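A structural walkthrough
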Amino acid sequence: VASSSMSPTTVVGRPAREKRLILYSLSLLFDCASLIVGYAAASAMRDASWLDVGGEPLLIIALPIFLMFEIAREVQAVQALESRSLGTQRALGALFGTALIVLALSFFIKEGDISRAGFVAFFGVAAIAMVVGKIILDVIFARWMLGAAIATVVLQDGLLTTTLPDCDFVDVEKLGLW
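What this report covers is the structure whose coordinates are included nearby. Here the structure is a predicted model, which means the values were calculated and not measured. (Residues numbered from 1 in each chain as written. Predicted model: local features only at pLDDT ≥ 70, side-chain atom pairs only at ≥ 80, totals over all residues. Heavy atoms only, no water.)

Moving on, we get to the side chain of Ser27. Tracing the backbone through its elements, the reader meets Ser27 in helix H1 (residues 16–45). Assessed through its relative accessible area of 3%, Ser27 is described here as buried. Every residue in contact with Ser27, bar those within four places of it in the chain, is listed here: Gln76, Lys134 and Leu137. (Helix = DSSP H or I, 4+ residues; strand = E, 2+ residues; numbered from the N terminus. Buried < 20%, exposed > 50% of the residue type's maximum accessible area, 1.4 Å probe, protein only. Contact = heavy atoms within 4.5 Å.)

On to helix H2 (residues 58–72). Its 15 residues place the ends of H2 21 Å apart at the C-alpha level, agreeing with the 21 Å of an ideal helix rising 1.5 Å per residue. Taken together, the buried positions of H2 are occupied by Leu58, Leu59, Ile61, Ala62, Ile65, Phe66 and Glu70. The arc that holds every buried residue of H2, seen down its axis, measures 155°, which confines them to one face. H2 presents Ile60, Ile71 and Ala72 as exposed residues on the side facing more than 90 degrees away from its buried surface. On its buried side, H2 packs onto H1, strand S2 (52–53), strand S3 (56–57), helix H4 (84–108) and helix H5 (116–144). (Expected span 1.5 Å × (residues − 1). Arc of directions from axis to C-beta.)

Structure below.
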């Protein structure tokens, strides 16, 4: 078996699928923590009573909606791990969708006591924290998985091929499997 470079499966330690699962969980944790940071910043700016929708804190309403959008937009996916800009775009889209739903919900239940400045601070600070979280996740991903979320294996049947970067080559004829 000849290897042209170290792929995520040849790195000593956990298999790539387990590393991806840990990174997906970390990504979701960072994104949810961004909402908590945003709510804390908005609470520091305005009294918590101004950040209630229907008698419930804005965070309690926004978090489940945000999780639903995160899952639906595939924020925790291989493509989002490999591309920081795509992961950030998807996460911010989920946050924007959450803000729209919470805003619509506040109008629907005729909640007039919500602070516009607190609302903007909540989602604005959450967006900034989310971008920072994606940068940190990208640094962890690049160091831990060498920038590749999946491994590519090329099975050779005895014919010579050119070496491709980031691919593992297995000559099945030499191994007696063909």
